[in-house]
Amino acid sequence: MTERVVITGLGAVTAALGGGSAALGAYLGDPRPVAPTIPAGTLATLIDGAEARRLSRACQLTVAAARLAVADAGLPDCTGLGLVVGSEFGDLRSTLEFADGYLQRGPSGISALLFPNTVMNTMAAAAAIAVGAKELALTLNAPEVAGELALARAARAVASGRVAMALAGGVDQIEPALAPVFAALGAPPAPRGEGAALLVLEARASALARGARIVGEILGVAWRGAAARPHGVGRGADTRAIVRALEAARMRVADVPWVYDSASGDTARDGWERTVLGAAFGSSLPPRASLAPVLGQSSAVGALRVAAAAWTARSGLLPGPPLRRVAGAAGLVHGIARGGSHVALVVGRGEEDDLA
Amino acid sequence: MRRIAVTGLGAVSPFGAGVKAYWTGVAAGTCAITPVTLFDTDGLRCSVAAEVPDLTGSVRRSRADRLALAAAAEALEDARVTRRERADVALLVGAVGGGMLEAEAWYWARAGQGTGGRLSAVRSTLPSSHADVVAHRLGVYGPRETLVTACSSGAAALAMAADLIADGVVDVALAGGADALTRICYMGFSALKLLDPAPCRPFDRARRGMSIGEGAAFVVLEEEGRARARGARVYAELAGAGMTTDAYHVTAPQPDGEGMARAMRAALGQAGIAPAAVGYANAHGTATPQNDRIEARALREVFGEGALLVSSTKSMIGHTMAAAGSLEAVATVLALAHDLVPPTVNLETPDPDVAFDCVPGVARDVRLEHAISNSFGFGGQNVTLLFRRV
């Protein structure tokens, strides 16, 4: 990466927290399992009446998180802001409503208003309109790791100068109608969560110039495809994403004091991830944390893992339970998905000497 | 700055499988828009589309996965990328509908409408399925991304793949887009009153909307020095790419075309050339009254009135959604390689608001140095790719 990329803001709307960097820190200090669905009243405080009527729920989550992130970063305006939104399922609820309209009432039941929401970029489009982001706006679709992937991609876009800054992260919502379908297909019973989490990434020099508060730094990223059947887990232990992310951060495997992994309760996938991490770290696998067991799996959690890694780098605390004290100014965020999408980010505290 | 060479092409279009069939159809000005056979269109505004004929591949895979796989395999073969080399090749796929056509069949049958759907098809519904299938079947294990930017997805995949090469992340990338016809897409555009009941007529004063199509196209992009060193055939250089967002409306383009113009200027800036150096624009050209008028306005803002040839491939193959940007990129590359600008068919009475020669009916022999391909999508997602002759 050519420009150093720092994290200057977070906006998160999940069942456990609604707010910015401070809210995340407070939650991570005592992360308690919560009901997976966001209470109805939470969004009402973050979205105005017109948006509540006009936007789908998935879009409302994204818009709310975008506004929280922009405010948390203290961005005076969004000139030069790009968007990278990761999602596993997009606005599937609107897609099902659209199909049901036709199936129940024939051609007269087709909704022109719902149709745009059937395209997965609808959340990014709504967020771009809400905050006035006019540079590239990407939506990345991937199983399980879309949030982390969006942040890695956005960090690369900022580092290379494609955009001056980026709002990036993940969004997904729980769709109850899908659970029996996935069960019938033999999907693992991993707990699902929902929400939106977006981080503001900026070039370090620009952030310092505007006096921004730096809450973390993305020191290295890499994403690859690991060999696996579609929808399946792989047998190999491809560590290239980890190696390349560490190389970019000028770190060795032995320098990694802690890891946020993507363990979610999908036994086969979690086992594959342990194999990959084991191949990278050998017998000295550092302490690990994953937020999915307490928040439920969603693309938002992938993004929150990156924000949480920045918090760990600064606080020296790794969430549990139990909460653990760890050393080191930077650690690894790792995710691997069924089908083989593989992503690694090295996240630090954002101090001047982190990339010495 | 690392330069980006186009060294492989693959396409499956409404003219059939292969780049040769695609270019032959496009160069001849053949309209492949015919009555829909894949699903029932009773009660909808329109009943024509551009379907891919005689699609092969395992029927256990979704139609869109098969489209993607065939086009991706052709591109890799065309570029002579070996199995061993593919382990480090980036794979970027623009996608929208995923395997929705088959998931719809299951959902429709479950609701008592239609028969034959398979529950297992639901697995491949998501757009990311194409990339996972292509990677697994063809052994492509570099950085993998599925990009959804609506109707500009295929072009976005090329733009972001070029960035990965320019930044030195990879030396080679396989990038493109794929989409099959789906009921939901067809019904949605029908409900928005954006479909012409007859084959579409881009830039015609009497145009009434778009025609939907399906297909896939992939290109192999490669760091130019590496391509030259291995003696690869270089079709063109991808010299610039601009990506912008209107931030204006979820379905309607910004009326003044500012976002579109910004994408075109960004591509020119990255290529380091003046507008006058561009001789041809493969337009987004959907044939909706609004899009064509606003795109023409943006082209005029950037290049000047009548300053370049403009044509719409969609007049022949319809709007192939996520595949459109990559199929049109392939047409643009071949226009440079063959000194031939594809026509806009069904264009009888040029719209006076479109201040360009839109190459009606018959392809034009023209030597081009630079050409652009525009792709725009819902959400105001604008992508311009700029190719240079080699």
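Just so we're clear, the structure is a prediction, and the values are computed from it rather than from any experiment.

(A) Looking closely at the domain arrangement of chain B. Residues and elements named next belong to chain B. Segmenting chain B into domains produces domain 1 (4–229) and domain 2 (240–388). Distance from the C-alpha centre of domain 1 to the C-alpha centre of domain 2: 20 Å. Facing 62 residues of domain 1, the contacting portion of domain 2 comprises 56 residues. Contributions of two or more residues to the side of domain 1 that touches domain 2 are made by β1 (4–13), α1 (19–28), β4 (48–50), β5 (90–95), α5 (153–166), β7 (172–179), β8 (212–213) and β9 (215–223). It is α5 that provides the largest number of residues to the side of domain 1 that touches domain 2, a total of eight residues. Grouping the amino acids of the side of domain 1 that touches domain 2 by side-chain chemistry returns 39 nonpolar, 16 polar and seven charged.

(B) Seen up close, the interface of chain B and chain A. Each side of the interface is counted separately: chain B has 52 residues, and chain A has 52 residues. Taken together, the elements giving at least two residues each to the side of chain B that touches chain A come down to α3 (100–110), α4 (128–138), β6 (144–147), α5, α6 (183–191) and β10 (236–245) of chain B. The element that contributes the greatest number of residues to the side of chain B that touches chain A is α4(B), accounting for six residues.

(C) Structural view of the sheet that holds β4(B). Residues and elements named next belong to chain B. A sheet is described by the order of its strands in space; here three strands give the open sequence β3-β4-β8, paired in mixed fashion. Either end of the sheet is taken by a strand with one partner, and the two such strands are β3 (34–35) and β8. Note: β3 against β4, two bridges, orientation antiparallel. Along β4, the bridge assignment pairs Thr34 with Ala49.

(D) Region of interest: the packing of helix α1 (residues 21–28) of chain A against helix α13 (residues 299–315) of chain A. Residues and elements named next belong to chain A. Between α1 and α13, the shortest axis-to-axis distance is 10 Å and the interhelical angle comes to 80°. The orientation of α1 relative to α13 falls into the category roughly perpendicular. The residues of α13 that touch α1, namely those facing Leu24, Gly25 and Leu28, are Leu304, Ala307, Ala308 and Trp311. For the contact of α1 with α13, the class distribution of residues is six nonpolar, one polar and no charged.

(E) The arrangement of the environment of Ser315(A) in detail. All names here are of chain A. The residue Ser315 is located in helix α13 in this model. In this structure Ser315 comes out as partly exposed when scored by C-beta crowding, with 16 C-beta atoms within 10 Å. Note: C-alpha distance between Ser315 and Arg325 (ten residues apart in sequence) is 8.7 Å.

How each quantity is defined
Just so you know, the residues in each chain are numbered from 1, in the order the chain's sequence is written. Naming scheme: in the order in which they are written, chains are lettered from A and ligands are numbered from 1. Reporting of local features is limited, given that this is a predicted model, to residues whose pLDDT is at least 70; pairs of side-chain atoms are given and counted only at 80 or more, and all residues count toward the totals for whole chains, interfaces and linings. Residue ranges assigned to the domains are those given by an automatic or database domain assignment. Contact between two residues is assigned when their C-beta atoms, built from the backbone, lie within 7 Å. A run of DSSP states H or I qualifies as a helix once it reaches four residues; a run of E qualifies as a strand once it reaches two. Both are numbered from the N-terminal end. In the scheme used here, Gly and all other residues not listed as nonpolar or charged are polar, with Ala, Val, Leu, Ile, Met, Phe, Trp, Tyr, Cys and Pro taken as nonpolar and Asp, Glu, Lys and Arg as charged. At least two bridges found by DSSP between two strands is the condition for calling them paired. Between N-to-C directions, angles span 0 to 180 degrees; the directions come from axes that are lines fitted to C-alpha atoms, helices contributing only their stretch in contact. Here is the rule for angles: anything less than 35 degrees is roughly parallel, anything more than 145 is roughly antiparallel, 65 through 115 is roughly perpendicular, and the remaining ranges are oblique. Buried residues are those with 20 or more other C-beta atoms within 10 Å of their own C-beta, exposed residues have 12 or fewer, and partly exposed residues lie in between; C-beta atoms are placed from the backbone.

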